[in-house]
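Architecture and fold: a report
Listed below are the residues making up each chain.
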Amino acid sequence: MKRCVPLLAAVFAAAWMAPARADEWKAKPVVVPFELLKTRHMAVQVRINGKGPYRLIFDTGAPVSLISNKVAKQTGLLKGAPPQSFLEKLLGGGGRPAKVEKLEVGTAKAADVPVIVMDHPTVALLASKLGPIEGIVGCSFFARHRMTIDYQAKQLTFTPNGYQPPDVMKGMMEAVQGLLNKKEPPAQVFVPAAQWGLRVAKAEGDDEAGVAIKEVMPGGAAAAAGLKAGDRLLTLDDRWTDSVLDCYVAVSAIKPGTAVKVTVQRGGKEMAFTVRPKSGL
Amino acid sequence: MRSLWFLGAAALCCFAPPLRADDRKPEARTHHVPYRLTKAQHIMVRAKINGKGPYNFIIDTGAPALFVSTEVCRKLGVKPDAKGWGTFDRFDIEGGVSLPKVRGRVEDPFQLKGMNALGLAGADLHGIIGYTVLAKFRMEIDFTRDKMAWTPLNFQPPAPVELGGKGPDLDALGGLFEMAGKLLGKPPMPEVIVRGFLGLDVAEDDKGVVVKGVLGGSPAAAAGLKAGDRITEYRGRTVRQAEDLLKLAAAEKTRPGDEVKLTIERGAREKEIIIKAGEGF
C-alpha cells in the first residue's frame with residue numbers, strides 16, 4: 001500500500017507540472033545499497049535539494065513520489081506555493097504537488113522530479129515501528145533510469161536512460177474527465193511493424209492456449225521459416241499469443257529483419273522456429 | 001493498514017543467512033518479461049495461474065506478497081485458508097517465468113478495486129505481484145525497452161514480518177471509488193482496429209520505394225501489383241520511404257475490407273491500383 005498512490009491525490013489533484021527537462025546526468029550506472037525492512041520494503045537514503053539524507057521507501061508500485069510535510073518544510077519544497085483552497089485539500093487527499101530540483105537516491109540523481117507532499121498514513125505506521133521514514137520514491141524517479149533490483153545483494157543500480165515519464169496526474173485527470181464527459185476514447189490501431197505473411201484465427205469458445213494459423217502465405221517470411229497452416233501459434237517473441245489481438249500486439253513491436261523466436265504446436269509437439277519478418281504490409 | 005499486509009510472522013524462521021551475490025546459479029536463464037505501462041504508470045504483466053488466464057498483475061515492490069483477486073480465485077477453485085492464503089500450483093508469468101506451488105493472498109486490495117472501478121489502468125487488474133515473488137529474481141526494468149529482464153537468483157528471500165498493531169483503514173477508499181465508478185459508469189473501451197493486410201513487401205533505393213515481392217494469393221496479387229512497381233502514393237499521400245507506407249496505413253486506419261488506392265510507376269507509366277485490404281500480418 002505504500003505501494004500506492006494516494007489514490008485520491010492521484011486522481012483528483014490538479015494537473016500542475018511542466019514536463020521534466022531532459023536528464024542532464026551522464027549515463028553511468030551507479031550502485032545504491034538498500035535496507036530491507038522487516039516488512040520487506042526497500043528503504044533508501046535520499047537527499048532532497050542537497051539536504052538529508054532521509055530514509056524513504058523505494059516502490060515500483062508508486063507512480064508518484066511522496067515526501068513528508070516535515071521534510072518538505074526542511075527542504076523548502078513548498079516555498080512560494082499558494083495556499084490550498086478547501087476544495088483542493090479535500091480532493092487532493094491532503095497531498096500537494098511540488099518539484100524537487102535535485103533528488104539524490106544514494107549516488108543516483110535526477111533533476112526536477114515531481115513529488116507530492118503528504119503524510120501517507122501507511123508510511124507513518126511503518127515509521128512508528130521501524131524508525132523515521134519520510135516518504136516514497138516512485139516512478140517519477142526510477143522511470144528515468146535503467147534500473148536493476150537485486151534483493152540478494154540488497155542493491156539497486158541506476159543508469160540514466162533518457163526516458164521522460166509522462167505526467168501521471170494529467171493522465172489520471174484526463175481519464176476522469178473522459179468519464180465525466182462520456183467521451184469516446186480514440187480508436188486503438190494495432191499496426192504490424194513488419195510483414196510476416198500469416199493469417200491467424202481463434203474460434204469462439206476456444207479456451208486453449210495459442211491461436212490457429214489459418215494461412216501461411218507463399219513467399220512470405222513465415223513460410224520461409226517453415227511455419228504451416230494448421231500449426232497452433234503459442235508464442236511470438238516470448239509473448240503469449242492466446243488471441244488474434246495478442247499476435248498484433250506482439251508484431252507491432254518487431255522491426256523488419258529482426259530474428260524472432262516463434263513456438264508452435266504441431267501434431268502434439270512443441271516446435272520452435274526463427275522468423276525474420278520483411279519490410280512490408 | 002491492516003496487519004495482513006505485514007504478513008508472515010509464522011515464517012520468521014526463514015531468516016536464512018543471506019547468500020552472497022556470487023552464489024548465483026551460473027546457468028540461470030534470463031527471462032524477458034513483456035510488460036505494459038498502465039495509464040497510472042504501473043508496470044503490468046500477464047500471468048497464467050494453473051494454465052488459466054492470462055490475468056493482469058501489477059509489479060509492486062511495495063506489496064509484501066502475491067495478491068490474487070477473490071474473483072479469479074473463485075474461478076480457479078482456489079480456496080483461501082483460515083488466514084486468507086491460497087496455494088497456486090503453477091504461476092506462469094509471460095516471458096517464460098514459471099513458478100510451482102506459489103503461496104499468495106486471496107484478496108482484493110483497495111487500490112485494485114479503485115482502479116478497476118474507474119477503469120484507470122485501461123485494463124482489468126486481477127492482482128499484484130509483490131516481494132515474495134519478485135525477490136527471487138534480479139530484475140532489470142527500463143521503460144525505453146518493451147521487456148524486463150528477470151534472472152533467477154539462487155536465494156530464498158526472508159519472509160515479511162508482521163508488525164502488529166492496527167493501521168489506518170484505507171479499505172474505505174476502495175469502496176469510495178467503487179461508488180464513484182457506479183455513478184460515472186465504466187469507461188467505454190476504445191474501438192480496436194487491426195491494420196488491414198495487403199501482401200506486398202518493399203525495398204528502398206535512391207529513387208524511392210519499390211515493390212520487392214507480392215505474396216501469392218494476397219490482396220496485392222489479386223489487384224495486379226507486381227514486383228518492380230514503384231509506389232509513389234498511398235491513398236493520394238506521398239510515399240518516399242518504406243516507413244511512410246506503414247505510417248500512412250496506420251494514420252489512415254486502414255482496416256481489413258477497406259479499399260486502398262496506390263499510385264505506382266510501372267516502367268515509364270503511372271498507374272493507380274486499388275487493393276482491397278484483407279486480414280493478416
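Residues numbered from 1 in each chain as written. Chains lettered and ligands numbered in written order. Predicted model: local features only at pLDDT ≥ 70, side-chain atom pairs only at ≥ 80, totals over all residues.

1. Topic: the overall build of chain B
We apply this condition: Secondary structure elements follow DSSP: runs of H or I no shorter than four residues count as helices, runs of E no shorter than two count as strands, and numbering proceeds from the N terminus. Three classes are used. A residue is buried when 20 or more other C-beta atoms lie within 10 Å of its own, exposed when 12 or fewer do, and partly exposed in between, with C-beta atoms placed from the backbone. Here the contact rule is simple: place C-beta atoms from the backbone, and any two residues whose C-beta atoms are within 7 Å are in contact.
Along chain B, the regular secondary structure elements total six helices and 17 strands. Taking all 281 residues of chain B together, 45% fall into the buried category. The contacts in chain B between residues at least 6 apart in sequence include a share of 62% that link residues at least 24 apart.

2. Description of the overall build of chain A
Scanning chain A from terminus to terminus reveals eight helices and 17 strands. Looking at the 281 residues of chain A, the share that counts as buried comes to 48%. Put simply, of all contacts in chain A between residues at least 6 apart along the chain, 63% involve residues at least 24 apart.

3. A closer look at the environment of Asp146 of chain B
Structurally, Asp146 of chain B is set in the loop between strand 9 (137-141) and strand 10 (147-152). Between the alpha carbons of Asp146 of chain B and Glu204 of chain B there is a distance of 27 Å; along the sequence they are 58 residues apart. Filtering out sequence-adjacent residues up to four positions away, Asp146 of chain B remains in contact with Ala253 of chain A together with Pro34 of chain B.

4. Re the sheet that holds strand 10 of chain B
Formally: When DSSP finds two or more bridges between two strands, those strands count as paired. Throughout, an axis means a line fitted to C-alpha atoms (over the contacting stretch in the case of helices), and angles, computed between N-to-C directions, take values from 0 to 180 degrees.
On the basis of which strands lie adjacent, the open sheet formed by six strands has the order 1(A)-10(A)-9(A)-9(B)-10(B)-1(B) and antiparallel pairing. A strand with exactly one partner marks an edge of an open sheet, and here the two such strands are strand 1 (30-33) of chain A together with strand 1 (31-34) of chain B. Going across the sheet, the axis of each strand differs from the next one's by a mean of 20°, ignoring polarity. Taken together, the four bridges between strand 9 (residues 145-150) of chain A and strand 9 of chain B define a ladder with antiparallel strand orientation. In the sheet register, Met147 of chain A faces strand 9 of chain B, and the bridge partner there is Ile141 of chain B.

5. A few points about unusual backbone geometry
The step from Gly52 of chain A to Pro53 of chain A runs through a cis peptide bond, and the omega angle for that step is 10°. Tracing the backbone through its elements, the reader meets Pro53 of chain A in strand 4 (residues 51-58). The omega angle of the peptide bond from Gly53 of chain B to Pro54 of chain B is 5°, so this bond is cis rather than trans. Relative to the elements of secondary structure, Pro54 of chain B occurs in strand 4 (residues 52-59). Residue Lys154 of chain A is not a glycine yet carries a positive backbone phi of 50°. One can find Lys154 of chain A in the loop between strand 9 and strand 10 (155-160). Phi is positive for Lys101 of chain B, close to 45°, though the residue is something other than glycine. Structurally, Lys101 of chain B can be placed in strand 7 (residues 97-106).

6. Observations regarding the confidence of the model for chain B
For the record, the criterion: pLDDT measures how confident the predictor is about each residue, on a scale from 0 to 100.
The predicted model of chain B averages 85 in pLDDT, with 83% of residues at 70 or higher. For this predicted complex, the interface confidence score (ipTM) comes to 0.85, while the overall pTM stands at 0.84.

7. Things to note about the pairing of strand 3 (residues 43-49) of chain B
Residue and element names in this part refer to chain B. Along strand 3, five of the seven residues are buried, which leaves the element largely enclosed by surrounding structure. Relative to strand 3, strand 2 (residues 36-37) runs antiparallel, the two being bridged by two bridges. By the bridge assignment for strand 3, Arg36 is matched with Met44. Connecting strand 2 to the next strand, strand 3, in antiparallel fashion are five residues, including Gln41 with a positive phi near 65°. Where strand 3 lies against strand 4, five bridges are found, and the strand directions are antiparallel. Along strand 4, the bridge assignment pairs Ile49 with Lys52. Once strand 3 ends, the chain turns through two residues before running back antiparallel as strand 4, passing Asn50 with a positive phi of about 50°.

8. Concerning the nonpolar core
Stated precisely, the cut-off is as follows: Nonpolar cores are identified as sets of buried Ala, Val, Leu, Ile, Met, Phe, Trp, Tyr and Cys residues joined via C-beta atoms within 7 Å.
Core analysis: the biggest nonpolar cluster contains 85 residues, and Val44 and Leu56 of chain A have the highest contact counts within it. In contact with Val44 of chain A, other than residues within four places in its own chain, are Val32, Phe34, Leu56, Phe58, Val105, Gly106 and Val137 of chain A. Membership of the second largest hydrophobic core comes to 49 residues, among which are Val275 of chain A together with Val202, Ile231 and Phe281 of chain B.

9. Quick word on the pairing of strand 10 of chain B
All names here are of chain B. Pairing of strand 1 with strand 10 involves four bridges; the strand directions are antiparallel. For His32, the partnering residue across the bridge sits in strand 10 and is Ala149. The pairing of strand 9 with strand 10 spans four bridges and is classified as antiparallel. Its bridge partner being in strand 10, Met139 is matched across the sheet by Trp150.

10. Observations concerning the environment of Arg36 of chain B
Residues and elements named next belong to chain B. Mapped onto the fold, Arg36 is located in strand 2. The partly exposed category is assigned to Arg36, around which 15 C-beta atoms lie within 10 Å. The sequence separation of Arg36 and Ile93 amounts to 57 residues, and the corresponding C-alpha distance is 13 Å.

11. Considering helix 2 (residues 110-118) of chain B
Residues and elements named next belong to chain B. Counted residue by residue, helix 2 has eight buried out of nine residues, so it is predominantly covered. Of the positions making up helix 2, those classed as buried are Phe110, Gln111, Leu112, Lys113, Gly114, Met115, Asn116 and Leu118. Phi turns positive, to about 65°, at Gly119, one or two residues after helix 2.

12. Side note on the environment of Ala221 of chain A
Residues and elements named next belong to chain A. Tracing the backbone shows Ala221 in helix 7 (residues 221-225). Each C-alpha atom, one on Ala221 and one on Trp196, is 5.1 Å from the other, the two residues being 25 residues apart in sequence. Contacts of Ala221, omitting those with residues within four sequence positions, involve Gln195, Trp196, Gly197, Val275, Arg276, Pro277 and Lys278.

13. Side note on the confidence of the model for chain A
Per-residue pLDDT for chain A has a mean of 85; in total, 84% of the residues score no lower than 70. Segment residues 1-25 of chain A: pLDDT under 50, and 83 contacts once partners within four positions in sequence are set aside and those in other chains are kept.

14. Observations concerning helix 6 (residues 242-251) of chain B
Residue and element names in this part refer to chain B. Our working rule: Throughout, the arc means that of the directions going from the helix axis to the C-beta atoms.
Of all the positions in helix 6, only Ala242, Leu245, Leu246 and Ala249 are classed as buried. In an axial view of helix 6, the angular spread of the buried residues amounts to 90°, which keeps them on one side of the axis. Where helix 6 is buried, its residues contact strand 12 (200-205), strand 13 (208-214) and strand 14 (230-234).

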